[in-house]
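Working through the structure, step by step
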Amino acid sequence: MTLVDQYLRMADLANQPERKAKTYTTRSGQQRTVTAKAATRGITGFSAKHIYHLINEGKFPAPVKIGRASLWRLSEINSWLDSHAHSKEEV
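The structure reproduced in this document is the subject of the present report.

Cut-offs used in this document
Residues numbered from 1 in each chain as written. Predicted model: local features only at pLDDT ≥ 70, side-chain atom pairs only at ≥ 80, totals over all residues. Heavy atoms only, no water. Pairing = 2+ DSSP bridges. Helix = DSSP H or I, 4+ residues; strand = E, 2+ residues; numbered from the N terminus. Core = buried A, V, L, I, M, F, W, Y, C linked by side-chain atoms within 4.5 Å. Buried < 20%, exposed > 50% of the residue type's maximum accessible area, 1.4 Å probe, protein only. Contact = heavy atoms within 4.5 Å. Salt bridge = Lys/Arg side-chain N within 4 Å of Asp/Glu carboxyl O.

Moving on, we come to the pairing of strand S5 (residues 69-73). Where strand S1 (residues 7-8) and S5 come together, two bridges link them in antiparallel fashion. Note on S5: the bridge partner recorded for tyrosine 7 is arginine 73. As paired strands, strand S4 (residues 64-66) and S5 are joined by three bridges and run antiparallel to one another. Looking at S5, one finds that isoleucine 66 is bridged to alanine 69. Taking the residues between adjacent antiparallel strands as the criterion, S4 and S5 are bridged by two residues, where glycine 67 takes a positive phi near 65 degrees.

This is the structure:
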């Protein structure tokens, strides 16, 4: 039996800033509202920009591309987090 790995999206990894509700009027005069979104903290504590910076430097696991989606294997992220937690404890 093989276990299927779970995958994470950038929204799971990176911090997401708060987004306030915004109402705007379309050209046809309709009122549209973009709903508010609370700030969330990803499991890494980094911004998406910083995560991509680490990927470019080879210091963070690269995503798996499925179609246009970038996904990260949960097992690779857990290994990366564990390796960085141990290096902090040794200092």
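Leu8, Met10, Leu13, Ala14, Ile51, Leu54, Ile55, Phe60, Trp72, Ile77 and Trp80 together form the largest nonpolar core, which totals eleven residues. The element best represented in this core is helix H2 (residues 48-56), accounting for three residues. Those residues within four positions of alanine 14 in sequence are excluded, and the remaining contacts are Gly42, Thr44, Phe46, Ser47, Ala48 and Ile51.

Turning our eyes to something else, we now look at the sheet that holds S4. Spatial strand order, S1-S5-S4: three strands in an open sheet with antiparallel pairing. Either end of the sheet is taken by a strand with one partner, and the two such strands are S1 and S4.

Let us now look at the pattern of salt bridges. Pairs may arise between side chains of opposite charge once their charged atoms sit close together. The final tally for this structure, using the stated rule, is three salt bridges. One salt bridge connects glutamate 18 with lysine 20, and the closest N-O pair in it is separated by 4.0 Å. Judged by relative accessible area, which is 62%, lysine 20 ranks as exposed. In this structure, lysine 59 and glutamate 57 form a salt bridge, with 3.3 Å as the shortest nitrogen-oxygen distance.

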